Amino acid sequence: MRYVRDRELTLKDLPDEAVGPLDRAAIASMTGLEIMQGWLAGRLPVPPMNRTLDFTLVEASEGVAVFDGEPSADLLNPLGTVHGGWALTLIDSACGCAAFTILPAGVGYTSVETKVNFTRAILPDSGVVRCAGRVLSPGRQIITTDAMLTDREGRLLAHGTSTIMVLPQR
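Enquirer: I tried to follow a nonpolar patch on the surface on my own but got confused; where do I start?
Expert: Nonpolar side chains collect at one region of the surface, where Val-112, Ile-142 and Met-165 lie side by side and expose about 240 Å² of accessible area between them. Tracing the backbone through its elements, the reader meets Ile-142 in strand 5 (residues 142–150). Looking at Ile-142, the relative accessible area reads 39%, which means it is partly exposed.

Structure, rendered in structure tokens:
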């Protein structure tokens with residue numbers, strides 16, 4: 001089955017078998033970049049949180065991960081703007097996945113810290129936003145990354161940095 005997000009479908013329309021965590025064999029046998037490219041090519045299932053929060057990977061290369069997301073009224077805080085946690089999650093995902101692209105097969109990662117600055121309110125009718133993450137320092141145990149979240153006109157909505165811990169093979 002092909003899992004890639006078709007532009008005529010939304011993530012919420014994907015069948016349940018197209019969504020789920022990776023199996024341990026895939027994680028052990030593929031580099032981070034191969035996994036990311038597998039998501040892009042539709043060979044691997046979409047992570048469940050991507051469907052829940054409506055954002056998807058659109059680009060991955062060594063040291064870079066880019067996501068597109070579409071805010072909706074389901075993400076509003078009490079003041080009527082998109083909750084900052086959604087933007088923070090996009091930034092954390094772009095940073096973590098950028099780090100993942102440089103890791104060998106079987107090696108994982110986790111965020112130690114993610115710091116975000118919000119520069120502009122995100123509204124439910126903002127349309128598709130883009131979050132581009134990149135590796136700043138590719139350490140053996142700690143990787144530092146940053147990401148920028150922009151609207152369709154290229155205006156900065158939020159930016160952040162993340163410290164990523166490399167998790168050795170188990």
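Enquirer: Looking at this model, I keep getting lost on the pattern of salt bridges. Mind explaining?
Expert: It is possible for side chains of opposite charge to pair when their charged atoms get near one another. All chains considered together, the criterion is met by five salt bridges. The salt bridge involving Arg-130 is made with Asp-68; its shortest N-O contact spans 2.7 Å. With a gap of 62 residues between them, Arg-130 in strand 4 (residues 129–138) and Asp-68 in strand 2 (residues 64–69) connect regions that are remote in the sequence. For Arg-130, a relative accessible area of 38% corresponds to the partly exposed category. Its salt-bridge partner being Asp-146, residue Arg-134 comes within 2.8 Å of it at the nearest N-O pair. Placement of the pair is Arg-134 in strand 4 and Asp-146 in strand 5, with a sequence separation of twelve residues. Note on Arg-134: relative accessible area 45%, which makes it partly exposed.

Enquirer: When you look at the packing of aromatic side chains in this model, what are you seeing that I'm missing?
Expert: The geometry of an aromatic ring pair is captured by the separation of the ring centres together with the interplanar angle, meaning the angle of the planes. Under the definition given, this model contains two aromatic pairs. Between the aromatic rings of Phe-55 and Phe-67, the centroid separation amounts to 5.6 Å while the plane-to-plane angle is 80°, which identifies the pairing as edge-to-face. Placement of Phe-55 in strand 1 (residues 55–61) and of Phe-67 in strand 2 is noted, with a sequence separation of twelve residues between them. With respect to class, Phe-55 is no different from Phe-67; both count as buried. A ring pair is formed by Phe-100 and Tyr-109, whose centres lie 5.3 Å apart and whose planes are at 45°; its orientation type is tilted.

Enquirer: When you look at the nonpolar core in this model, what are you seeing that I'm missing?
Expert: One broad rule of soluble globular proteins: the nonpolar side chains tend to lie buried together. Core analysis: the biggest nonpolar cluster contains 39 residues, and Met-36, Phe-67, Trp-86, Leu-90, Ile-91 and Leu-149 have the highest contact counts within it. For this core, the elements supplying multiple residues, two or more each, are helix 2 (32–41), strand 1, strand 2, helix 4 (84–100), strand 4, strand 5 and strand 6 (156–167). The dominant element in this core, judged by the number of residues it contributes, is helix 4, at ten residues. Not counting chain neighbours up to four residues away, the residues in contact with Leu-90 comprise Phe-55, Phe-67, Val-129, Cys-131 and Leu-149.

Criteria and cut-off values
- Residues numbered from 1 in each chain as written.
- Predicted model: local features only at pLDDT ≥ 70, side-chain atom pairs only at ≥ 80, totals over all residues.
- Heavy atoms only, no water.
- Patch = residues over 30% accessible without salt bridge, like charges linked within 9 Å, V, L, I, M, F, W, Y side chains within 5 Å.
- Areas by Shrake-Rupley, 256 points an atom, 1.4 Å probe, with all protein chains shown as cover.
- Salt bridge = Lys/Arg side-chain N within 4 Å of Asp/Glu carboxyl O.
- Helix = DSSP H or I, 4+ residues; strand = E, 2+ residues; numbered from the N terminus.
- Buried < 20%, exposed > 50% of the residue type's maximum accessible area, 1.4 Å probe, protein only.
- Phe/Tyr/Trp six-rings, centres within 6.5 Å; stacked < 30°, edge-to-face > 60°.
- Core = buried A, V, L, I, M, F, W, Y, C linked by side-chain atoms within 4.5 Å.
- Contact = heavy atoms within 4.5 Å.

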